[in-house]
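What follows is each chain in one-letter form.
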Amino acid sequence: MTANNRVVLSSDHAAIALRQAISAHITAQGWVAVDIGPTTPESTPYPEHGAAAARLVASGDCALGIILCGTGQGIMMAANKVKGIRCGICADTFSARMIRQHNDANMLSLGARVVGEGLALDIVDAFLAAQFEGGRHVPRVAMIEALEG
Ligand code: RB5
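A brief report on the enclosed structure follows. Source: prediction; values computed, not measured.

Procedures and definitions
Residues numbered from 1 in each chain as written. Predicted model: local features only at pLDDT ≥ 70, side-chain atom pairs only at ≥ 80, totals over all residues. Heavy atoms only, no water. Helix = DSSP H or I, 4+ residues; strand = E, 2+ residues; numbered from the N terminus. Buried < 20%, exposed > 50% of the residue type's maximum accessible area, 1.4 Å probe, protein only. Contact = heavy atoms within 4.5 Å. Axes fitted to C-alpha atoms, helices over the stretch in contact; angles between N-to-C directions. Parallel < 35°, antiparallel > 145°, perpendicular 65-115°, else oblique. Left-handed = near helix turned anticlockwise from the far one by under 90°. Nonpolar A, V, L, I, M, F, W, Y, C, P; charged D, E, K, R; others polar. Core = buried A, V, L, I, M, F, W, Y, C linked by side-chain atoms within 4.5 Å. Pairing = 2+ DSSP bridges. Near = heavy atom within 4 Å. Polar contact = N/O pair within 3.5 Å; in protein donor to acceptor, adjacent residues only side chain to side chain. Areas by Shrake-Rupley, 256 points an atom, 1.4 Å probe, with all protein chains shown as cover.

1. Re the side chain of His49
In step 1: Its place among the elements puts His49 in helix 2 (residues 46-58).
In step 2: For His49, a relative accessible area of 13% corresponds to the buried category.
In step 3: Setting aside residues no more than four positions away along its own chain, His49 makes contact with Ser10, Ser11, Asp12, Gly37, Pro38, Thr44 and Ile75.

Shown next as structure tokens:
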């Protein structure tokens, strides 16, 4: 676990229940879950919620972020528009581990209409447990950052 153990969570309306389950799950592990909602079921645009979570990670307020929408795709696209964010979408635990180890991902996106709760929690566990390997991956991540301008 990093020195900053704050993990921001956000979603759109399609993923509230799964987001709250993840929040409880990681809280039980000792992470500080910064759950920024929403909490009510009205339709709400995923870009706003992805960007809000991404800004908390980009600023350093939170070390990592977990974001969700129906597919995980739209909110991931929005988060990746924020400078400094490397957000990967995962529907398997191998990818969740690798985006940390090789890509130094600082955010994870999940599709609440794609993965069930059990798999989602395993994916979250894999993401949070993994560490960036550095080494040959450092210049590659730097090349991603260079694309941000
Ligand atoms: C909402 O219906 C849905 O479009 C959204 O949750 C997400 O899947 C978008 O990528």
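2. Describing the packing of helix 4 (residues 93-101) against helix 5 (residues 117-129)
In step 1: At a minimum axis distance of 8 Å, the contact between helix 4 and helix 5 shows a crossing angle of 20°. Between helix 4 and helix 5, the crossing angle belongs to the class labelled roughly parallel. For the pair helix 4 and helix 5, the sense of crossing is right-handed. Only Asp122, Ile123, Ala126, Phe127 and Leu128 of helix 5 make contact with helix 4, whose side of the interface consists of Thr93, Ala96, Arg97, Ile99 and Arg100.
In step 2: Within the contact of helix 4 with helix 5, the residues separate by chemical class into 6 nonpolar, 1 polar and 3 charged.

3. Regarding the nonpolar core
In step 1: Ranked by internal contacts, the top residues of the largest apolar core, which has 24 residues, are Ile22, Ile66, Leu108 and Leu110.
In step 2: Every element with two or more residues in this core is listed here: strand 1 (6-11), helix 1 (16-28), strand 3 (64-69), helix 4, strand 5 (107-111) and helix 5.
In step 3: In this structure, Val57, Cys62, Ile75 and Ile85 belong to the second largest nonpolar core, which totals 15 residues.

4. Considerations on the sheet that holds strand 5
In step 1: If you walk across this open sheet you meet the 5 strands as 2-1-3-5-4, and the pairing is parallel. Edge positions in the sheet fall to strand 2 (32-35) and strand 4 (87-89), since each has one partner strand and no second. Each neighbouring strand pair of the sheet contributes to a mean axis angle of 25°, computed without reference to strand direction.
In step 2: Inspection of the sheet shows strand 1 paired to strand 3 by 5 bridges, in the parallel sense. Paired with Val8 across the two strands is Gly65, which belongs to strand 3.
In step 3: Those strands touched by helix 2 are strand 1, strand 3 and strand 5, and its axis lies near 170° from that of strand 1.
In step 4: Of the strands in this sheet, strand 1, strand 3 and strand 5 are in contact with helix 5, which crosses strand 5 at around 170°.

5. Regarding the site of the ligand
In step 1: Around the ligand, the surrounding shell consists of Asp12, His13, Ala14, Tyr46, Cys69, Gly70, Thr71, Gly74 and Arg113.
In step 2: Between an oxygen atom of the ligand and a side-chain N or O atom of Asp12, the distance comes to 2.6 Å.
In step 3: Within the contact set of the ligand, an oxygen atom lies 2.9 Å away from a backbone nitrogen or oxygen of Thr71.
In step 4: Contact with the protein chains covers 72% of the free accessible surface of the ligand, which is 300 Å².
In step 5: Of the residues that constitute the shell around the ligand, the class distribution is 3 nonpolar, 4 polar and 2 charged.

6. Observations regarding the pairing of strand 3
In step 1: Among the 6 residues in strand 3, 6 count as buried, and that is most of the element.
In step 2: The alternating pattern of strand 3 places Leu64, Ile66 and Leu68 and Gly65, Ile67 and Cys69 on opposite faces, both of which are buried.
In step 3: Across 5 bridges, strand 3 lies against strand 5 in parallel orientation. Note on strand 5: the bridge partner recorded for Ile66 is Leu108.

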